[in-house]
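# Per-entry structural report
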Number of protein chains: 2
Amino acid sequence: MRKINIGLFGFGVVGEGIYKVLEEKPQLNAVIKKIVIKDASKPRNAPSELFSTNADEILNDDEINVVVELISDADAAHDIIIKAFNKGKHVVSANKKLIADHHKKLLDLQAKNNVSFLYEASVCGSVPIIRNLEEYFDNDLLNYVSGIVNGTTNYILTKMANENESYQDALKAAQESGFAEADPTADVEGFDASSKLAIITLHAFGKKIDVDQVIRKGITSLKVEDFKYAKEKNYTIKLIANSKINHQTGEITSTVLPTFVELNKTIALVNNEYNGVLIGSSLSDEQFLYGKGAGRFPTSSAVLSDISALKYDYQYSIRKYENQEEGVFNQTGKKRIYIGFENQADDVSNIFDEIEERYQSKNYNHIVGVIDIEKLKQKEIIENPKLSIIAFE
Amino acid sequence: MRKINIGLFGFGVVGEGIYKVLEEKPQLNAVIKKIVIKDASKPRNAPSELFSTNADEILNDDEINVVVELISDADAAHDIIIKAFNKGKHVVSANKKLIADHHKKLLDLQAKNNVSFLYEASVCGSVPIIRNLEEYFDNDLLNYVSGIVNGTTNYILTKMANENESYQDALKAAQESGFAEADPTADVEGFDASSKLAIITLHAFGKKIDVDQVIRKGITSLKVEDFKYAKEKNYTIKLIANSKINHQTGEITSTVLPTFVELNKTIALVNNEYNGVLIGSSLSDEQFLYGKGAGRFPTSSAVLSDISALKYDYQYSIRKYENQEEGVFNQTGKKRIYIGFENQADDVSNIFDEIEERYQSKNYNHIVGVIDIEKLKQKEIIENPKLSIIAFE
């Protein structure tokens with residue numbers, strides 16, 4: 001078993017958590033040799049000689065064989081990861097946006113330098129979704145991955161559903177409880193979920209998809225009235241990230257959309273800041289993985305699992321993506337959709353192929369019907385903040 | 001990637017399912033070369049030249065590198081597995097009783113012959129519990145594994161809870177639906193769950209426990225009145241298999257007991273034939289794995305995942321149990337317990353250390369209180385069919 005000497009970038013709650021566990025558990029056979037931080041003046045709960053502001057003290061130290069990258073600055077993180085690869089160091093990261101945006105390049109560089117690049121913490125915190133997709137499910141048999149991968153939006157949606165709160169009030173509560181950031185855009189607009197979905201899709205189907213091509217709608221347009229409608233029909237509303245493959249054509253469809261979920265379905269039971277992912281395969285119906293998606297302990301736990309795996313030279317298996325062409329998107333077809341809107345001037349019934357249900361009132365209106373995805377994808381529809389767009393499962 | 005030539009023992013629904021998938025998916029790079037069955041006269045949905053009644057046609061064929069053992073006769077299976085190991089063949093099995101009863105010996109033989117022995121299908125069907133315990137959770141950080149690992153009893157308990165059925169009626173319904181066997185003893189008395197718990201415990205904590213030492217009570221004594229009590233208190237009743245470790249002392253406590261579970265807890269949502277397991281670690285709170293625990297497709301799926309893993313020489317990591325002494329049981333301490341009984345002559349209030357609640361009526365009685373586990377373990381208590389013993393979580 002290999003001895004792990006870690007160079008840690010970043011000493012926030014997760015970094016500090018990992019430092020403490022490794023101190024308390026010498027049997028894990030991993031130590032932090034150096035911690036690089038930006039601000040040398042901040043007081044830290046670790047011996048001062050561990051700290052430096054110079055990245056080279058990690059990158060040029062040949063005894064350090066593992067770089068754990070936990071910084072928020074994506075450009076700096078990108079730079080560190082590439083330098084670490086070139087120095088023959090393994091890398092553990094939790095930086096989903098960075099990984100989704102540069103996935104192919106990072107995996108190529110990892111392979112070229114014959115090092116491991118592990119990033120379980122980047123998707124659903126402590127829920128071992130990547131490891132299960134990698135190790136347990138043969139991608140030939142996988143049909144879809146679908147679930148709740150963003151804890152911030154799930155916390156807000158749970159509050160909206162259970163307490164009839166408006167989006168603004170629920171967001172405020174989430175911010176006060178530490179479940180949403182001051183600038184919540186990445187979460188509430190579904191960008192974070194799209195990055196995670198792109199990472200999941202590669203590990204599920206072995207195909208790289210472009211995160212910008214995910215059909216994405218966040219939760220900011222959802223109204224109290226939408227939840228009323230959901231309740232009447234025994235639904236709740238969840239932000240569902242879904243990738244599915246057509247094994248005949250190899251085409252992948254990836255969406256991040258507010259979705260009506262029947263209350264008796266497994267995924268409806270994922271509430272508050274929790275994440276839950278269904279993995280559908282030809283053989284075993286659905287597997288469901290559930291746990292905390294973010295936060296100090298869940299993220300530390302995922303990072304520690306990756307560190308442990310490096311002791312026996314674990315790598316995500318190149319077999320899943322080597323010689324694979326880029327994923328082919330098929331973002332076409334038809335979808336059953338609900339669109340809610342306050343002002344009848346925003347009526348978009350003309351984009352529906354077929355209208356099943358239409359409700360009009362002084363305060364709120366909605367249409368349920370079938371839409372061609374090509375029409376739904378138009379910016380003036382999917383990016384229109386006045387339209388509450390909710391998919392049916 | 002290694003090419004897999006399989007010798008299959010048994011051609012029931014699971015065996016046939018695996019045969020079909022491997023036929024349809026040549027890219028899995030695994031073929032069944034020979035199938036050994038007991039009854040040569042039965043019609044089979046596969047070419048007749050594949051079949052034989054002579055085990056040696058698999059065991060003595062050097063081209064066959066993987067034995068998949070799917071037969072019900074435990075003694076014959078034991079014999080086949082040991083012979084296969086000695087011939088240097090890897091083995092995939094779903095035979096939980098056999099594995100739990102001979103775990104140490106089989107693992108030793110596997111190591112001695114440097115082959116892989118994989119048995120994900122033996123615990124919770126397609127739910128990748130062993131693989132996750134092995135690969136993802138460092139055993140130094142795991143505190144407990146707890147959940148529903150037997151689909152038959154869960155189906156019966158769900159019917160009793162939702163439809164106010166008696167145990168006998170619910171058992172009959174389970175048998176008619178194919179969820180319980182004609183002789184249901186192994187399931188309903190908790191033997192099956194105890195075997196699975198012993199296997200789980202080894203992979204969770206790296207320590208072998210003796211399946212006979214598990215504190216075990218099945219579901220056969222449960223009464224409609226017990227479910228009435230549960231409902232009043234917002235509980236349901238589940239057969240919970242639980243192993244927990246005290247990291248200070250290394251002591252393990254393992255129980256399979258009917259248990260009151262609060263309705264809003266994750267585990268209460270596992271209904272019908274489904275299985276669900278919570279994994280508790282120091283860092284990540286709880287992870288929850290959920291899926292179908294048995295049946296043709298879930299079992300086939302788990303067996304196929306094991307076959308796939310053999311292509312890259314996967315082994316359960318010896319690191320978890322080598323140089324480990326036998327697990328130390330600490331089946332002592334105190335436990336909060338409900339005991340229900342029809343006849344006041346069966347009153348066992350004298351074994352309680354402390355009684356919190358006592359209910360007496362013409363038809364049914366119950367006591368809630370704290371019992372010393374030493375007293376609970378007495379055969380005349382825990383094996384008394386007139387006592388409905390239910391633990392609190």
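On a predicted model such as this, the values are computed, not experimentally measured, just so you know.

A separate point is the relation of the copies chain B and chain A. For the pair chain B and chain A, the relating rotation is 180°, the translation along its axis is 0.0 Å, and the fit reaches an RMSD of 0.0 Å. The superposition operator between the copies reduces to a two-fold rotation axis. Taking C-alpha positions as reference, the residue of chain B nearest the rotation axis is L289 of chain B, located at 2.5 Å.

Turning our attention to the pairing of strand β1 (residues 4–9) of chain A. All names here are of chain A. Across the six residues of β1, six count as buried, placing the element largely inside the fold. The alternating pattern of β1 places I4, I6 and L8 on one face and N5, G7 and F9 on the opposite face, and all of these are buried. On the question of chirality, the crossover connecting β1 to the parallel strand β2 (residues 30–36) by way of helix α1 (residues 13–24) is right-handed.

As a further point, take the domain arrangement of chain A. Residues and elements named next belong to chain A. As far as domains go, chain A holds domain 1 (4–118), domain 2 (130–291) and domain 3 (332–393). For domain 2 versus domain 3, the distance between C-alpha centres works out to 20 Å. With 20 residues of domain 2 at the contact, the number on the domain 3 side is 22 residues. Note on domain 2 versus domain 3: buried area summed over both sides is about 1,800 Å², and carbon and sulfur give 60% of it. Its largest share of buried area at the contact with domain 3, domain 2 owes to K217, Y229 and F260, together 31% of the area lost on that side. Inspection of the region where domain 2 meets domain 3 yields two salt bridges. Here domain 2 and domain 3 share eleven residue pairs in polar contact (both at pLDDT 80 or more) between them. At the level of elements, β8 (215–216), α11 (224–232), β9 (235–246) and β10 (251–262) are the ones that each hand at least two residues to the side of domain 2 that touches domain 3. Among the elements that line the side of domain 2 that touches domain 3, the one with the most residues is β10, at six residues. In terms of residue class, the side of domain 2 that touches domain 3 is made up of ten nonpolar, two polar and eight charged.

The next subject is the interface of chain B and chain A. Contact with chain B, which involves 40 residues of that partner, is made by 41 residues of chain A. Summing both partners gives a buried area of about 3,600 Å² for chain B against chain A, and 54% of it is carried by carbon and sulfur. Three residues stand out in chain B for area buried against chain A, namely Y136, L283 and Y290 of chain B, and they jointly supply 20% of the buried area on that side. On the surface where chain B and chain A come into contact, there are zero salt bridges.

On to the sheet that holds β1 of chain A. All names here are of chain A. Pairing within the open sheet is parallel, and its six strands lie in the order β3-β2-β1-β4-β5-β6. Both outer strands of the open sheet, β3 (51–52) and β6 (117–118), are each paired with one neighbouring strand and no more. In the sheet, strand β5 (residues 90–93) pairs with β6 via two bridges, with the strands oriented parallel. In the sheet register, V92 faces β6, and the bridge partner there is L118. In this fold α1 packs onto β1 and β2, with an angle of close to 145° to the strand it touches most, β2.

Where charged atoms from two side chains of opposite charge come close, those side chains can pair. All names here are of chain A. All chains considered together, the criterion is met by 42 salt bridges over all chains. Linking K97 and D101 is a salt bridge whose minimum nitrogen-to-oxygen distance equals 2.5 Å. Taken together, the residues K97 and D101, both in helix α4 (residues 96–101) and four residues apart, mark about one turn of the helix. Across the pair D192 and K196 runs a salt bridge, and its minimum N-O distance is 2.7 Å. You can see D192 and its partner K196 sitting in helix α10 (residues 191–205), four residues apart, about one turn around the helix. Take K196: its relative accessible area is 5%, and that puts it in the buried class. When salt bridges that share partners are traced, they join K334, D353, D372 and K375 into one network.

Residue and element names in this part refer to chain B. Mapped onto the fold, S52 is located in strand β3 (residues 51–52). For the pair S52 and K38, spaced 14 residues apart in the sequence, the C-alpha separation amounts to 8.4 Å. Setting aside residues no more than four positions away along its own chain, S52 makes contact with K34, I35, V36, I37 and E57. Within polar-contact distance, the side chain of S52 engages the backbone nitrogen of N54 at 2.9 Å.

Quick look at the UniProt feature "domain: Aspartate/homoserine dehydrogenase NAD-binding" (unreviewed entry) in chain A now. The sites that carry the UniProt feature "domain: Aspartate/homoserine dehydrogenase NAD-binding" (unreviewed entry) are, in the present numbering, residues 10–120 of chain A. For residues 10–120 of chain A, the helix share is 41%, the strand share is 17%, and the end-to-end C-alpha distance is 18 Å.

Another point: the pairing of strand β12 (residues 285–292) of chain A. The buried fraction of β12 of chain A is high, at six of eight residues. In sequence, strand β11 (residues 274–281) of chain A turns back onto β12 of chain A through a hairpin of three residues. Bridge analysis of β12 of chain A against strand β12 (residues 285–292) of chain B gives three bridges, and the strand direction is antiparallel. Along β12 of chain B, the bridge assignment pairs L289 of chain A with L289 of chain B.

Turning our eyes to something else, we now look at the environment of E383 of chain A. Its place among the elements puts E383 of chain A in the loop between α14 (379–382) and β17 (388–392). Setting aside residues no more than four positions away along its own chain, E383 of chain A makes contact with R216, K217 and Q378 of chain A.

Residues and elements named next belong to chain B. Reading across from one edge, β3-β2-β1-β4-β5-β6 is the order of the six strands in this open sheet, with parallel pairing throughout. Only two strands of the sheet have a single neighbouring strand rather than two, namely β3 and β6 (117–118). The sheet contacts of helix α1 (residues 13–24) involve β1 (4–9) and β2 (30–36), and relative to β2 the element is tilted by about 145°. Across the sheet, helix α12 (residues 296–310) lies against β1, β2, β4 (66–69), β5 (90–93) and β6, angled at about 165° from β5, the strand it touches most.

Attention shifts here to the nonpolar core. The biggest cluster of nonpolar side chains holds 219 residues, and the ones touching the most others in it are I6, I129 and I307 of chain A together with I6, I129 and I307 of chain B. Every residue in contact with I129 of chain A, bar those within four places of it in the chain, is listed here: E120, V123, C124, V145, I200, V277, I279 and L289 of chain A. The next biggest cluster of nonpolar side chains, apart from the first, holds 18 residues, and it includes Y290 of chain A together with V261, F288 and Y290 of chain B.

Take helix α7 (residues 151–163) of chain B next. All names here are of chain B. Over its 13 residues, α7 extends 18 Å from the first C-alpha to the last, a length consistent with the 18 Å expected when each residue adds 1.5 Å. Where burial is concerned, most of α7 is hidden: eleven out of the 13 residues are buried. Elements that come into contact with the buried residues of α7 comprise β7 (142–148), α8 (167–176), α9 (185–188), α11 (224–232), β9 (235–246) and β11 (274–281). Taking the backbone nitrogen of T152 as reference, a side-chain oxygen 3.1 Å away marks N150 as the first, capping residue of α7. Positive phi appears at N164, one or two residues downstream of α7, with a value of about 50°.

Residue and element names in this part refer to chain A. Running from N to C, helix α7 (residues 151–163) and helix α8 (residues 167–176) cross one another at 130°; their axes reach a closest spacing of 9 Å. If you check the angle between α7 and α8, you find them oblique. The interaxial crossing formed by α7 with α8 has right-handed handedness. Taken together, the residues of α8 that come into contact with α7 (itself represented by Y155, I156, K159 and M160) are Y167, A170, L171, A173 and A174. When the residues that make up the contact of α7 with α8 are grouped by side-chain class, the tally is eight nonpolar, no polar and one charged.

We now examine the side chain of K238 of chain B. Residues and elements named next belong to chain B. One can find K238 in strand β9. Here K238 sits buried without a salt bridge, and the closest side chain of opposite charge, E273, lies 10 Å off (N-O distance). Side-chain polar atoms of K238 contact the side chain of N271, separated by 2.9 Å. With residues near it in sequence (within four places) discarded, K238 still touches I148, N154, L157, T158, L257, P258, T259, V261, I267, A268, V270 and N271.

Rules behind the numbers
- Residues numbered from 1 in each chain as written.
- Chains lettered and ligands numbered in written order.
- Predicted model: local features only at pLDDT ≥ 70, side-chain atom pairs only at ≥ 80, totals over all residues.
- Heavy atoms only, no water.
- Least-squares fit on C-alpha atoms with pLDDT ≥ 70 in both.
- Buried < 20%, exposed > 50% of the residue type's maximum accessible area, 1.4 Å probe, protein only.
- Helix = DSSP H or I, 4+ residues; strand = E, 2+ residues; numbered from the N terminus.
- Right-handed = clockwise from strand over helix to strand, strands pointing away.
- Domains from an automatic or database assignment.
- Contact = heavy atoms within 4.5 Å.
- Buried area = accessible area lost by both parts, 1.4 Å probe.
- Salt bridge = Lys/Arg side-chain N within 4 Å of Asp/Glu carboxyl O.
- Polar contact = N/O pair within 3.5 Å; in protein donor to acceptor, adjacent residues only side chain to side chain.
- Nonpolar A, V, L, I, M, F, W, Y, C, P; charged D, E, K, R; others polar.
- Pairing = 2+ DSSP bridges.
- Axes fitted to C-alpha atoms, helices over the stretch in contact; angles between N-to-C directions.
- UniProt positions renumbered as here; feature names shortened; annotations may be inferred.
- Core = buried A, V, L, I, M, F, W, Y, C linked by side-chain atoms within 4.5 Å.
- Expected span 1.5 Å × (residues − 1).
- Parallel < 35°, antiparallel > 145°, perpendicular 65-115°, else oblique.
- Left-handed = near helix turned anticlockwise from the far one by under 90°.
- Lys, Arg positive; Asp, Glu negative; His and termini not counted.

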